[in-house]
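Residue-level structural notes
Below are the chains, spelled out letter by letter.
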Amino acid sequence: MSSRIVIRVGFRWFKLYERAANICHSLTQSTTTRMNRVRQAFEPSIRRAFHLYWRFYWRWARGMTLGVRGLVIDKDQRIFLVTHTYVPGWQLPGGGVEPGETMAEALARELVEEGNIEILEPPVLHGLFFNGRVSQRDHVALFIVRSFRQQRVPVPNREIAAHGFYSFDALPENTTPGTRARIAEVMLGAPLSERW
């Protein structure tokens, strides 16, 4: 007799729990559904607002960017290339010009950082290029470096994954299009472009 009472009481508590769980589940579903509807209604406007904010922020608060690259050519007419850890493809060494730094100073700093290359004579400016692949504000100055010293071979680090001197007719397969175009301009006399 007592086991029947326990089973009935247990069954009633289970039913009560089941009913409460169903109510909570339906409330949760309806709340989630309502929140999804609200999110779906306002999401395009919020995305547009963020897009406009960043578009105008970058246009007005951030000026044009300027970078330098070095076409370093050794005595065997090979070109020094690097591949970065954060972007694919082989490229000419270089980077951004810091505030208060000249282009020549930036080039010298970047060549030491990326290739342990010390410039011995002033480099020759090949051209100034619009680099629309990076942003609508980026420009790159390319310098030709023929007189340099590399005291020791650089060791790959957090920024530079690999490096090396390559013949212009045997560049690595994944050399970037901009790098290939600049090398062709200098080494083969291809027409000069305004775009990187």
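The paragraphs below set out a description of the structure included in this document. None of these values were measured; they are calculated from a predicted model.

Thoughts on the pairing of strand S7 (residues 138-145)
Of all 8 residues in S7, 8 are buried, a share of seventy percent or more. Side-chain alternation along S7 places Asp138, Val140, Leu142 and Ile144 on one buried face and His139, Ala141, Phe143 and Val145 on a second face that is also buried. Here strand S1 (residues 65-72) runs beside S7; their pairing, made up of 8 bridges, is parallel. Along S7, the bridge assignment pairs Val72 with Val145.

Points about the pattern of salt bridges
According to the stated counting rule, one finds 6 salt bridges in the structure shown. Note that Asp74 is salt-bridged to Arg78, the shortest N-O span being 2.7 Å. Accessibility expressed as a relative area gives 32% for Arg78, which makes it partly exposed. The salt bridge involving Glu110 is made with Arg109; its shortest N-O contact spans 2.9 Å. Connected via shared salt-bridge partners are Glu101, Arg109, Glu110 and Glu113.

As for the nonpolar core
Grouped together as the largest cluster of nonpolar side chains are 15 residues, with contacts concentrated most on Leu71, Ile73, Ile79, Leu81, Leu92 and Ile183. Secondary structure elements with two or more residues in this core: strand S2 (78-84), S7 and helix H3 (177-188). Ignoring any residue separated from it by four or fewer positions in sequence, one finds Ile79 in contact with Leu71, Val72, Ile73, Leu92, Gly164, Phe165, Tyr166, Phe168, Ile183 and Met187. Ranked by size, the runner-up nonpolar core spans 14 residues in total, among them Val72, Phe80, Ile117 and Phe143.

So, unusual backbone geometry
Of note, Gln77 is a non-glycine position whose phi angle comes to about 65°, a positive value. A positive phi angle is found at Asn116, which is not glycine, with a value near 55°. Note that Asn116 resides in the loop between helix H2 (103-115) and strand S5 (117-119).

Structural notes on the sheet that holds S2
As summarised here, the arrangement of the 3 strands in space is S3-S2-S9, forming an open sheet in which the pairing is antiparallel. The open sheet terminates on both sides in strands that have one partner only, identified here as strand S3 (90-91) and strand S9 (160-167). Examined bridge by bridge, S2 and S3 share 2 bridges and lie antiparallel to one another. Bridging from a neighbouring strand, Val82 pairs with Gln91 of S3. Contacts from H3 reach S2 and S3, with the element oriented near 170° to S2.

A short note on the packing of aromatic side chains
Under the counting rule described, the total for this entry stands at 4 aromatic pairs. With a centroid separation of 5.3 Å and an interplanar angle of 70°, the aromatic rings of Trp90 and Tyr166 are classed as edge-to-face. Here Trp90 is found in strand S3, whereas its partner Tyr166 is found in strand S9, with 76 residues between them in sequence. Measuring from centroid to centroid gives 5.6 Å for Phe129 and Trp196, while their planes differ by 75°, and the two rings are edge-to-face. Linking Phe129 in strand S6 (residues 124-130) with Trp196 in the segment after H3, this pair joins segments that are 67 residues apart in sequence. This pair shows no difference in class: Phe129 is buried, exactly as Trp196 is.

What counts and what doesn't
- Residues numbered from 1 in each chain as written.
- Predicted model: local features only at pLDDT ≥ 70, side-chain atom pairs only at ≥ 80, totals over all residues.
- Heavy atoms only, no water.
- Buried < 20%, exposed > 50% of the residue type's maximum accessible area, 1.4 Å probe, protein only.
- Helix = DSSP H or I, 4+ residues; strand = E, 2+ residues; numbered from the N terminus.
- Pairing = 2+ DSSP bridges.
- Salt bridge = Lys/Arg side-chain N within 4 Å of Asp/Glu carboxyl O.
- Core = buried A, V, L, I, M, F, W, Y, C linked by side-chain atoms within 4.5 Å.
- Contact = heavy atoms within 4.5 Å.
- Axes fitted to C-alpha atoms, helices over the stretch in contact; angles between N-to-C directions.
- Phe/Tyr/Trp six-rings, centres within 6.5 Å; stacked < 30°, edge-to-face > 60°.

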